[in-house]
Every structure is written in structure tokens, then in C-alpha cells.
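Structural features, examined
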Amino acid sequence: MSTWTPESPVYLDYQATTPTDRRVVEAMLPFFTEKFGNPHSNSHAYGWQAEVGVEAARAQVADLIGADAREIVFTSGATESNNLALKGVAEFHRERRNHFVTCLTEHKCVLEAAHHLEGQGIDVTYLPVGRDGLIDLARLSAALGDKTAMVSIMAVNNEIGVIQPLAEIGALCRARGIYFHTDAAQAVGKIPIDVNAMSIDLMSISGHKLYGPMGIGVLYVRRRPRVRLTAQIDGGGQERGMRSGTLAPPLCVGLGEACAIAGREMEAEAERLRMLRDRLLEGLRARIVGVTVNGDLERRIPGNLNISFDHIDGNALLMGVKDLAVSTGSACTSASIEPSYVLRALGIDDGRAFASLRIGLGRFTTEEEVGYAVGRLAEEIERLGEATATAGAA
Amino acid sequence: MNGAVYLDHNATAPVRPEAVEAVARTLSLVGNPSSVHGYGRAARRLVEEARERVAALAGAQPEDVVFTGGGSEANNLALGGCGRQRILVSAVEHDSILNADATLETVPVDGDGVIDLDALDTLLAREGTPALVSVMLANNETGTIQPVAGVVEVARRHDALVHCDAVQAAGKTVFSFSGLGVDMLTLSAHKMGGPQGIGALIVGAGVALKAQIRGGGQERGRRAGTESVPLIAGFGAAALAVGTAGDGKEGRRLARLRDDLEGRLARLTPAPLLLGQGAPRLPNTSCIAMPGVASETQVMALDLAGIAVSAGSACSSGKVRPSHVLRAMGLGETEAGSAIRVSLGWTSTDVDVERFVAAWAEIDERLGDGAQTRVLVPPAKA
């Protein structure tokens, strides 16, 4: 067993946020200093220089997902993108199509936007998922009707990392003339995404989930066949009228660079992460009895593991391993004492949901860190198990 | 670009070194402020520290500060989230106010761009529907300062809420949220030397704001989305830097530079048309018309001379049309189409002013009234 110990807590929460890649930071910094212009200033070189940076970044984002640069709308993040996709499409099409389909395990911001639409008189169907966390295509197909405006199904779940059958969903929607939106915040840069091969019409991207900066995201909006939506932030008419507000060139450039790096390194990185994750899971199973993986293990991004332990309280476990930065679920709801609604949707009982842990591996995770995490988790679970056994005996 | 003179601070200000440093330092950290582990809690501390700094700058309480993706979003949030069906705004508001609501009513302004309070009173009295009045603190094109206290007084008589877009005022003039007595106030980091992509809506306790971007419940449920820790830290650093100048010293420095600039122009030519001068205005903004010469021609010529100014707002990129602000002030299309905006800021110096005046004089001589004077009265000057 390795005796390596970390200098600071081991960061294993890559689904909450990723560190900004050094190369991304380097690309951004000039746009905070000498290239500080407003990219919408059309009367001087400061503005043009900033605009050049923004447009190059737009092309880098488009390249990664097989899109045209003109289909990239910069936003402040995936939450805004998801809100824009759902509310923008609903507002534009509600006269003719007032039905949306999504699923129970979507990110909170998609569900909240969908609830908001229901309050506005839109019908929303929430598809269930199976034990594996995946939707059933036959059920999806049955839910689609003449009034369906859009299907919004996430590419990769933020808690359990499972990958939905995007191409199949896209094909179903395209055949019916229904928009397909996917929240790909956890997918882009982790797995290959091609908006044309997958018939994706709208797609949300987050900067800080793919080693880019926080505070920037993208909504991909297809041009052919053309997707129409109503802007949710009005003003100067930036981003082809779909999203007003001064763009932040350093952030755009950072996201562009992050996409370019992901395009080059994704394949090798995925291989490495899969190897690390397998080592993590095998290590835990070798030392702990009663480890269950939540959701499908194969159809999952390589950097995610969501596991439950028999007879262990997840929060007690978290408290015991403060030198590991892991979580019990989504960061947004991590202060909540409710069990994960995602795990519930998989049919996992509350006891097991409470005993779950999300471990997110990423670009800077090392073998030593994984080895250390296995050792610490095993130790702590043994300790908690003994404490429980003692308490039970008393 | 080195050596160029940047006089377009109202479009965006160069990022202050304190803000660059804060952003760069924070970019090297990891942590989602909503995460409960140590990294998350450290990120949360940075966000809350910045919130206090922004609150201090605005004269508000930290819990009143809602971070947004920028000024436009904050303005949209204020109008869309305040729960008032009827919205009245001045005719010279920023596009992110004017376009935020399809049914809003505009209140006229006078020749200096100052809102007509009697007209506001009459409009508010006409209907009983609870209203929101949105009036900017200072105009982005002319720098004209609105009588916000007067607006609040009128609005209170009709139980109307008041929102104030203070994007252009922050860092240039001293004000406070509590002093103004408004219910909501918008700030943008990049107009005061912070990073682009971050702003704030200050929301008083009396407003039950409904989130427009929904999701994980961040910002006390008023604006969802992972907070951008580096941008917020940069915003906080800029607010702190501005705050130390909040004694009005920086404002006086800018006013001296601007008065020097305008005085030199006045000595150059008999009639440089300085717009919006009859009312209180920001110390950094001059709106200058060169009759007979299109704004676009002037800004292009100035750009060639290494001077960055603008023909108005930077937002409507590509759209060449006379400013709605100048039109609302009663200027004709031709006059409005001959104005440029010169806006000073924290990097501006005497040398910048001299270089601008020299370049402007050269253009005026070649294309403007200076040329006409020369042709009409050939050897008049000795």
C-alpha cells in the first residue's frame, strides 16, 4: 500500500466544477489587460481586437461539437442556457405547440424552468428512468404528440454520469419535427458530441465543467432546420438578438481554448480516467463489502462514480474523510438534507440514497490520489461499521 | 495598440490592476461555492467577501446584492422580476431597459435629457395599477444625471417601486442605494474597472423579486447558476478600489480633465456643440457634435489618429442609426448624427486630453466648421 499523503484535500468533485486549465488561464489573461475592449465597440481597434478574440473562440466551440460558428450563442453559464432553451422555445412556439417532454433526473435548472412553464399553462411530461438511469425510448416515442414543441433530455447526468442515447432521441424528434434540446454541461469535452450526427437542435454547454472559466456557457442553436426562440435577456441585441449584454472576451476566449484542448486530448484523457475509475472501484470492492454502483456503469462518462455503501450514512462518511473533496450529489443541493431526487428516480430507497457518494475524477487526478482515496474511504467505512456494530451491541 | 488613447470608458473600462490580480489568483483555485467541502467553502468565502465590497460601494447591505451575468441581465431581472405589470421608464434609458418589456411606457425628457417629473406624475396618476419606474442614475451617452430623488418622491405618491440603472455612475460619482431611496439598483463591473461578464442587482427588502433564471437556488433563490468566483472576486476588488476613491477625489480629477478638454475645444472653434450641459452630469463624459460631419466619419478619423472614442452606445453593433437619447433630447437627425461620445476614466491623463484635442482640431479643420470658416473668411487670422 502506498504511503503517499496529499498536501491538501484531494479534489474528487469534477462534476461540481473543474479547475481552470493553466493553458486556458494563459489564453485569457491578455484579454484582461491589453486587449480589454468591448467587443461590440465598432469604432476603434480596442473593440475589433476583442471581437477577433470572441469570434475565434466561437469557432473553437463550434469545432468541438461539429457546429457552425454562427450557431453558438454565448451565455453566462449552462443554467442560463437551459433557461433560455426551455423558456425561449416555449414563448416562441406556445400558440401552436404547448407540450414539452423532459425527464425526472434532469439538472435542477431544467426542472425549475419546466415547472415555470407549467405555471404558464404549458404541458410538461416528465419521463421516468430505469434502474440504470436511462430513459426508455419507447416511452419517449409514446409521449410525443402533434403539440410537442421540444424534448429536453440531458446528455450526461451530473450525479450518476450516465449517458442518454442522444442519437436515438435526436432521430425520434427529427422525424416528428420536434426540437431536441440537450443539457450537455457534463458531456461536452468528456465524450464526443456531434450535433448533426445526433440531430441535436439546441444544446447547453458550461465553461467551468470542462476546465474553462466559471461565468460562461453556450447555447447551441441550430440554423438548418432553423430553430426559433424568444430572447430572455433583451437589450443591445448582441448574439444575433438571442442574448443581449456585453460579451466577456476573456471568458469567451477561455471557453474556446478549453474546447480546443478537449478536442485534442479527450480521447486519451477518457482512456486514462476509465483506468483510474476502474482502479478506484476495484480498490473499494476489494476492501469494502456492499459497494453498489448507482446507474449504468458502462454507459457513463469515465470520470464519474456514484456508489452506495451498505449500512453507512453518506454524510457521516463525508465528515470522516475531510481530506477528500467528494460530494453526496449535486453541488447546488449539497446543503440540502433531502436524499437525491436522481437516485430516488432510479428506484433507490432513501436509506441507500443517503449512503451514496459521488466521486468525480478529472484531468488532474493522479494514481496516487486514487490510491489514497481508496485507502481513506475503506478506513473510514471500517471505523463507521465498528461504531455501528458497537452501538448495536450496547 | 500601445500608445493609443482610450477615451471610451463608458463602453468598457480597462480592468484595474487590483481586479486583474484578484481574477488571476482566483482562476488558479478550484471550488464550486455551493459545495460543502473545504474547496467549496473557500470559494464561498471569496464570493461573500466580494459581496460585502460591492455592497459597501453601493451603500447597501450584503444580503441585498444579487450577482448577475452583467448589467443587461440585472436590468432585465429588475423589470421582469419585480412583479409590477405597469412599467414606466425615461426615454433615454439603455436598450436593456427599453427592450426589456414590450408594454413599457416612456416618460419624456427635456433638452438636456432630464426626465420630466410632472409628466411622470401625470402618467402615474392616470392608472391605478401598481407600477415600477425605472430611471438611470447617469446616461451612458451624455452623462446627464437624473433627479432620482425627485423620481422617488413622485413614485412614492403613487405607491410605485423605483429601479435605478447606476451602471455608468458607479466609480464616477458618489451615491448610495440607501441615500437614493430606490428599491432596486443595477451595477456592472466592467464599467468601473472590473471584469466583463458580471454585474449585480441591488434589491431592497421591500421587493419580493422573482428569479428570471431558475435552477439551483443560488443567490437566495433570486438568480440561479453557479456563481463565477473569479469574476465576482474581480468585481469585489474593483469595488474596493473605486470605494477608496469614493470621497469624490477621482470624480474631481475627471471633472478637471473634462473641463480642460471642453475648454480647449471651445477655444478652437466658435461653436463646438456640447450636448446635455445644462443639467448635472457625470464628470467623465462629453457628448460633442461637429455639425455637418457624420459621427462615423469622426470616429474613423480619430481611430486613424490613434484615439478610441465612440459614436454612442457600443451595444447596437453594426447598426448605424441616430441615438435615441439625442433624439429624445429634441435634436434633429442630422445633429444627432454628428455627435461623438468622449468618456474618460481611471487611466485617463492630461496627455490623453491634449492628443484628443489636437486630433479633433485637425478633423474639424479638414472636414468641419473649421474648414468652412477657412474657405469663407480666408486670411482673417493673423
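Data block above holds the structure.
First, a word on scope: everything that follows refers to the structure included in this document. If you're wondering where the values come from, they're calculated on a predicted model, not measured in any experiment. (Residues numbered from 1 in each chain as written. Chains lettered and ligands numbered in written order. Predicted model: local features only at pLDDT ≥ 70, side-chain atom pairs only at ≥ 80, totals over all residues. Heavy atoms only, no water.)

1. Considering the overall build of chain B
To keep it simple, the criterion reads: What counts as a helix is a DSSP run of H or I of at least four residues, what counts as a strand is a run of E of at least two, and both are numbered from the N terminus. With C-alpha atoms as the basis for the radius of gyration, the globule rule is written as 2.2 Å multiplied by the number of residues raised to the power 0.38. When a residue's accessible area, from a 1.4 Å probe over protein chains only, is under 20% of the maximum for its type it is buried; when over 50% it is exposed; and in between it is partly exposed. The contact definition used throughout considers only heavy atoms, calling two residues in contact when any of these lie within 4.5 Å. For the accessible areas, the method is Shrake-Rupley and the probe is 1.4 Å, while residue cover comes only from the protein chains on display.
Helix and strand counts for chain B stand at 14 helices and twelve strands. For chain B, whose C-alpha radius of gyration is 22 Å, the value lies close to the compact-globule estimate of 21 Å for 382 residues. Its C-alpha atoms put chain B at 80 × 55 × 35 Å along the principal axes. When the 382 residues of chain B are sorted by exposure, 61% land in the buried category. Long-range contacts, defined here as pairs at least 24 residues apart, represent 71% of the contacts in chain B between residues at least 6 apart. For chain B, the exposed surface amounts to about 13900 Å²; the carbon and sulfur share of it is 53%.

2. Let's talk about the environment of Ala 24 of chain B
Along the chain, Ala 24 of chain B turns up in helix 1 (residues 17–27). Separated by 238 residues in the primary sequence, Ala 24 of chain B and Glu 262 of chain B have C-alpha atoms spaced 38 Å apart.

3. Quick notes on the pattern of salt bridges
We count it as follows: We count a salt bridge whenever a side-chain nitrogen from Lys or Arg sits within 4 Å of a carboxyl oxygen from Asp or Glu.
One pass over the full model with this rule turns up 42 salt bridges over all chains. Across the salt bridge formed by Asp 260 of chain B and Arg 264 of chain B, the nearest N and O atoms sit 3.1 Å from each other. A residue pair is termed a helical-turn pair when its members lie 3 or 4 positions apart in one helix, as Asp 260 of chain B and Arg 264 of chain B do in helix 9 (residues 249–268) at four residues. The exposure class of Asp 260 of chain B is partly exposed, given its relative accessible area of 22%. We classify Arg 264 of chain B as partly exposed; its relative accessible area is 27%. Among the charged side chains, a salt-bridge network with shared partners connects Asp 21, Arg 23, Glu 265, Glu 269 and Arg 363 of chain A.

4. Some words on the interface of chain B and chain A
Convention followed: Any N or O atom pair separated by 3.5 Å or less is treated as a polar contact, with the protein-specific requirement of one donor-capable and one acceptor-capable atom, and with residues adjacent in sequence counted only for side-chain atom pairs. Gly counts as polar in this scheme, as do all residues outside two lists: the nonpolar Ala, Val, Leu, Ile, Met, Phe, Trp, Tyr, Cys and Pro, and the charged Asp, Glu, Lys and Arg.
With 62 residues of chain B at the contact, the number on the chain A side is 62 residues. Joining chain B to chain A, the criterion identifies 18 residue pairs in polar contact (both at pLDDT 80 or more). Taken together, the elements giving at least two residues each to the side of chain B that touches chain A come down to strand 1 (5–6), helix 1, helix 3 (71–81), helix 4 (95–98), helix 8 (229–244) and helix 10 (295–304) of chain B. In terms of residue count, helix 1 of chain B provides more of the side of chain B that touches chain A than any other element does, four residues in total. Residues of the side of chain B that touches chain A, tallied by class, amount to 28 nonpolar, 26 polar and eight charged.

5. Description of the nonpolar core
Our working definition: Note on terminology: a nonpolar core comprises buried Ala, Val, Leu, Ile, Met, Phe, Trp, Tyr and Cys residues joined through side-chain atoms within 4.5 Å.
Ranked by internal contacts, the top residues of the largest apolar core, which has 123 residues, are Ile 65, Phe 74, Val 151, Ile 193 and Met 203 of chain A together with Leu 185 and Leu 187 of chain B. Non-local contacts of Ile 65 of chain A, meaning those with residues more than four positions away in its chain, are made with Ile 72, Val 188, Ile 193, Asp 194, Val 195, Met 203, Ile 205 and Tyr 220 of chain A.

6. Focus on the packing of helix 10 of chain B against helix 13 (residues 350–367) of chain B
All names here are of chain B. Condition: Here, axes are lines fitted to C-alpha atoms. For helices the fit covers the stretch in contact, and angles between N-to-C directions go from 0 to 180 degrees. Orientation labels follow simple angle bins: below 35 degrees gives roughly parallel, above 145 gives roughly antiparallel, 65 to 115 gives roughly perpendicular, and whatever is left gives oblique. Each helix crossing is assigned a hand: it is left-handed if the near helix lies turned anticlockwise from the far helix by less than a right angle, otherwise right-handed if that turn is clockwise.
Helix 13 packs onto helix 10 with a crossing angle of 130° between their chain directions and a minimal axis gap of 10 Å. With respect to their mutual orientation, helix 10 and helix 13 come out oblique. Both helix 10 and helix 13 take part in a crossing whose hand is right-handed. For the pair formed by helix 10 and helix 13, the contact residues are Thr 297, Gln 298, Ala 301 and Leu 302 on the first element and Phe 356, Ala 359, Trp 360, Ile 363, Arg 366 and Leu 367 on the second.

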